[in-house]
Amino acid sequence: MKYQTYKTDLPVMMPYKPVEIENFGSSIKFWYLVPILALILGTSAIAQSGSDIRLGTMQTLMRWMPLLLQGFIFNVLISVMAMAIGTGLGAALGIGQLSLNRLVRSSSWLLTQFFRNAPWLVLLFFAMFLLPFEVNIFGIIVPLPDWVKATIGLALPVMANVSEIIRGAVLSLPSGQWEAAESLAYSRRQTLWLIILPQCLKRMLPPWMNLYAILTMATVLASIVGVSEVMTLTGEALAAEGGRPDLLAPFYAFVLLIFFVYCYPIAQLTVRLERKFSVIN
Amino acid sequence: METFYEWFLILYEDTGINLPFMYDDYDRGRILNGLWATIKLSATCVLFSVIIGMVGAWLQGSPWKITRRVVNFYVQLFRNTPPLVQLYFFYFAVGILIPRVENDWGGTSPLIDSFGWAVISLSFFAGAFNVEIFRSGIEAVPKSTIEAAKALGFSRLQIYKDITLPLALRVVIPSLNNNLVNLVKTTTLAYAIAVPELLYESNQIWSDNVNVTEMMLFLLFAYFILVGILVWAMNSWDRSLKIPGFGQ
Amino acid sequence: MSWNDTEPMVSIKDVYKSFGTLEVLKGVSLDVMKGEVICIIGPSGSGKSTLIRCINGLNDIQAGSILVEGQEVNDPELDKLELRKKVGMVFQQYNLFPHKTALENVMMAPIRVLKHDKEIAKKAAVDLLRKVGLEDKEKAYPGEMSGGQQQRVAIARSLAMNPDVILFDEVTAALDPETVNEVLLTIKRLAEDGMTCILVTHEMGFAREVADHIYFTDGGLIVEHGNPKKFFENAKDPRTKEFLSQIL
């Protein structure tokens, strides 16, 4: 009696792939802008019904728009700089976490954990208050204006997160890679630089981009410590307009809009990259 | 107990390390209030954001396209805009529309105070991330298990409550852990709308005593501990949920 | 519509089913009387599993009628949950709920769906587990049991709902040869107790011994049917003969 049986390894749960960014839809849904614009227009229309001779809400918003956009560009500048500094420092820290030297490894790990668990706002305050207002490098006096201190303050959590990203990416590579390199007589440093890290770059890209999006959104925190960026300017604009309550919703909605327009495509790109790289892996 | 506190006064006099919230009653009270406010804020937001996440993930499986679109829009909006701006929007823009009620001392105050708005705003912020996390957990539950439940006559809601959610939960705990830790850190934003949480009270103290360094280090240390406790609690919960026979 | 024992419990007439453009059932008819054991055999892709999944409404049909105790399954007004209380199903992949013990798996549906009292349901579940020979596995989780044991718990789970007919979808196909027998024995005992069973199976020995009637499907149609003696010894259609020669 011949019949077919097969032993199946029935998975009780399908393997879970941690997803940090949303998965639905790989194309950017432009219609999302519609509700936000409707929100801006709608709230200003409602508010409009109460006002009399003062300038219309939409016109006021239009008037201030160029300034707010300029402020936003400053936010982007801060985010780019903080990302650059944070990535550089984080890379060093991340590689330190992989060191064979126990002291280097533990102190890198400790620093990473410490800065990872701290709220971004607290680190920002930390930098603002504790960094001097000017530094003396080799006799040249370099002033540190507020926004530079804020940038450094924002670079600290970036550093910690980049360190974790690197460590996670390196650990996720199959150990066979290390063994193969070892059997080819590569030194540890050569292995790291020539074999492991190049392969990790692809894996690190999506979470790194995700981090950039988070950082960009965190730049508004600088308004709390007095740096003049888009949120501060919004506050000043509202004050200049005499604190009209009907302006609040449109202005804040507009700020939400600019960030959305900037960050949403980044998020979508990250999803696509993640999918693309996971196929190759 | 008094001698314990006095030791810090001696510390200040000898070394200049000023920790007023240890030796001074009033400051100690402030810090404890701030700590308690942070804990209250974190716990409330964690609870609501998890509920929002579960409900949102349920709605995302709805057969109606409009429901799915609304939930997706909510998720994308709250994920891609700064939480601080969301907070300001809720507190200032929406807060203006809230009716005012009479308070204890003869004036009027809004129905929802700054603490309330902080809870609302942060819960929706973290809830958006949770919707995605729960969604991916739900998708990890094999369809065949759901089918068996259907064949037994379970209704859609019963399946979600008794089968899908418990199984999905076990899958998503690492991501949820991450998100909840982030939420605890994000509660510091409530400082911007004058919620008297830990950062705010510390600010008051260092404004009075000009001991920024000490307060900063204390803050970093305090959050390190708070986050550590949360991580430990989540890990214990994870362990208690472990089903013998399958590991992840 | 009232139904009595003299009419077929399950009556399938001229059923057509397609998945998109692929037609899987091309006009299938069969009747099952109360207490009968029916085996449906055939090559893969002939539509056997699809057919029995239509009986409890997991798949819908495009044309024809399926009556279960006089109730039309295809009727859009039909409360599927009521139908599933009468029709139990055991799957090839067992599909036990991994986060519940064996006892809880069996108890769950009566408590949640039939709203039985918890203690009564528990006692009934213990009896059922004893009936399938697994009384010592009450507290075990599915991940701790072998395939055969899990399948027997699945059978007990369906029995707990007190159905009038049980559908078995290739329930031994995923098991080791050693464990196949224990499951078949359990089903045999069920049949001897008078349960109406409809099985899709490859187990010819079982079919010959236990079935009252055997149906052979190929290409979405019933090619030949008859009682076991007539079927195995005097198969008429060449396709049947070819199939039997391949597997016997």
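Structure first, text after, so check above.
Read on for an overview of the structure.

Conventions we followed
- Residues numbered from 1 in each chain as written.
- Chains lettered and ligands numbered in written order.
- Predicted model: local features only at pLDDT ≥ 70, side-chain atom pairs only at ≥ 80, totals over all residues.
- Helix = DSSP H or I, 4+ residues; strand = E, 2+ residues; numbered from the N terminus.
- Buried ≥ 20, exposed ≤ 12 C-beta atoms within 10 Å, placed from the backbone.
- Contact = placed C-beta atoms within 7 Å.
- Rg over C-alpha atoms; globule rule 2.2 N^0.38 Å.
- Pairing = 2+ DSSP bridges.
- Axes fitted to C-alpha atoms, helices over the stretch in contact; angles between N-to-C directions.
- Expected span 1.5 Å × (residues − 1).
- Parallel < 35°, antiparallel > 145°, perpendicular 65-115°, else oblique.
- Left-handed = near helix turned anticlockwise from the far one by under 90°.
- Nonpolar A, V, L, I, M, F, W, Y, C, P; charged D, E, K, R; others polar.
- Core = buried A, V, L, I, M, F, W, Y, C linked by C-beta atoms within 7 Å.

Here the focus is the overall build of chain A. Of the regular secondary structure elements, chain A holds nine helices and two strands. The order of helices and strands in chain A, counted from the N terminus, is α-α-α-α-β-β-α-α-α-α-α. For chain A, the residues scored as buried account for 38% of the 281 residues in total. The long-range fraction of contacts in chain A, counting pairs at least 24 apart against all pairs at least 6 apart in sequence, stands at 76%.

Now for the overall build of chain C. For chain C, the helix and strand inventory stands at nine helices and 10 strands. Over its C-alpha trace chain C gives a radius of gyration of 18 Å, about what one expects of a compact globule, namely 18 Å for 248 residues. With the principal axes as the frame, chain C shows a C-alpha extent of 55 × 45 × 35 Å. Going through the 248 residues of chain C one by one, you find that 48% of them count as buried. In chain C, 65% of the contacts between residues at least 6 apart in sequence involve partners at least 24 apart.

Another point: the sheet that holds strand S10 (residues 221-226) of chain C. Strand-to-strand pairing in sheets goes through backbone hydrogen bonds, with the strands running parallel or antiparallel. All names here are of chain C. Pairing in this open sheet of six strands is mixed, and the strands run S6-S7-S8-S3-S9-S10 from one edge to the other. Among the strands making up the open sheet, the edge pair consists of strand S6 (87-90) and S10. Here the strands of the sheet are splayed against their neighbours by 20° on average, with no regard to which way each runs. Note: strand S3 (residues 37-41) against strand S9 (residues 213-218), four bridges, orientation parallel.

This brings us to helix H10 (residues 212-241) of chain B. With 30 residues, H10 of chain B should cover 44 Å at 1.5 Å per step; its first-to-last C-alpha distance of 43 Å lies within 8% of that length. Those residues of H10 of chain B lying buried are Met215, Met216, Leu219, Tyr223, Leu226 and Val227 of chain B. Summarising the contacts, the buried residues of H10 of chain B are in contact with helix H3 (102-117) and helix H4 (120-130) of chain A together with helix H8 (156-186) and helix H9 (198-209) of chain B.

Residues and elements named next belong to chain C. Put simply, helix H5 (residues 147-159) and helix H6 (residues 177-192) touch, their axes get as near as 8 Å, and they point 15° apart. One way to sum up the angle between H5 and H6 is to call them roughly parallel. Like other packed secondary-structure pairs, H5 and H6 cross with a definite hand, here right-handed. Facing H5, whose interface residues are Gly147, Gly148, Gln151, Arg152 and Ile155, H6 presents Thr179, Glu182, Val183 and Thr186. Taken together, the residues of the contact of H5 with H6 break down into two nonpolar, five polar and two charged.

By size, the foremost hydrophobic cluster in this structure holds 212 residues, and its most contacted members are Leu121, Leu124, Tyr252 and Val255 of chain A, Val85 of chain B together with Val106 and Cys197 of chain C. For this core, the element with the highest residue contribution is helix H9 (residues 245-280) of chain A, accounting for 16 residues. If we ignore the near neighbours within four places in the chain, the residues touching Leu121 of chain A are Leu221 and Ile224 of chain A together with Thr188, Leu189, Tyr191 and Leu199 of chain B.

One can expect most non-glycine residues to show negative phi and most peptide bonds to be in trans. In the Ramachandran plot, Ala194 of chain B falls in the positive-phi region, its phi being about 60° despite a non-glycine side chain. Backbone geometry at Asn95 of chain C places phi at a positive 55°, although glycine is not the residue there. Here Asn95 of chain C shows up in the loop between S6 and helix H3 (102-112).

On to the pairing of strand S4 (residues 63-68) of chain C. Residue and element names in this part refer to chain C. Looking at chain direction, strand S1 (residues 10-19) and S4 are connected through five bridges and run antiparallel. In the strand pairing of S4, Tyr16 is matched with Ala63. Bridging between S4 and strand S5 (residues 71-72) involves two bridges; their strand directions are antiparallel. Paired with Leu67 across the two strands is Glu72, which belongs to S5.

Further remarks concern the interface of chain B and chain A. On the side of chain A, 38 residues touch chain B, which itself brings 40 residues to the contact. Element by element, the count of residues in the side of chain B that touches chain A is highest for H10 of chain B, at eight residues. A per-class count over the side of chain B that touches chain A returns 28 nonpolar, nine polar and three charged.

All names here are of chain C. Sheet architecture is open: four strands sit in the order S2-S1-S4-S5, paired in antiparallel fashion. The sheet terminates laterally at strand S2 (22-32) and S5, the two strands that pair on one side only. Sheet analysis places S1 next to S2, joined by eight bridges and oriented antiparallel. Bridge assignment links Phe19 to a residue of S2, and that residue is Leu22.

Let us look at the interface of chain C and chain B. Listed by partner, the interface residues are 21 residues for chain C and 19 residues for chain B. The set of elements that each furnish at least two residues to the side of chain C that touches chain B consists of helix H2 (80-86) and H3 of chain C. Its residues assigned to classes, the side of chain C that touches chain B shows 12 nonpolar, five polar and four charged.

Right, let's talk about helix H7 (residues 143-151) of chain B for a bit. Within the span of H7 of chain B, buried status applies to Thr145, Ala148, Ala149, Lys150 and Ala151 of chain B. In the core, the buried residues of H7 of chain B are packed alongside H8 of chain B together with H2 and S6 of chain C. Phi for Gly153 of chain B, located one or two positions after H7 of chain B, is positive at around 95°.

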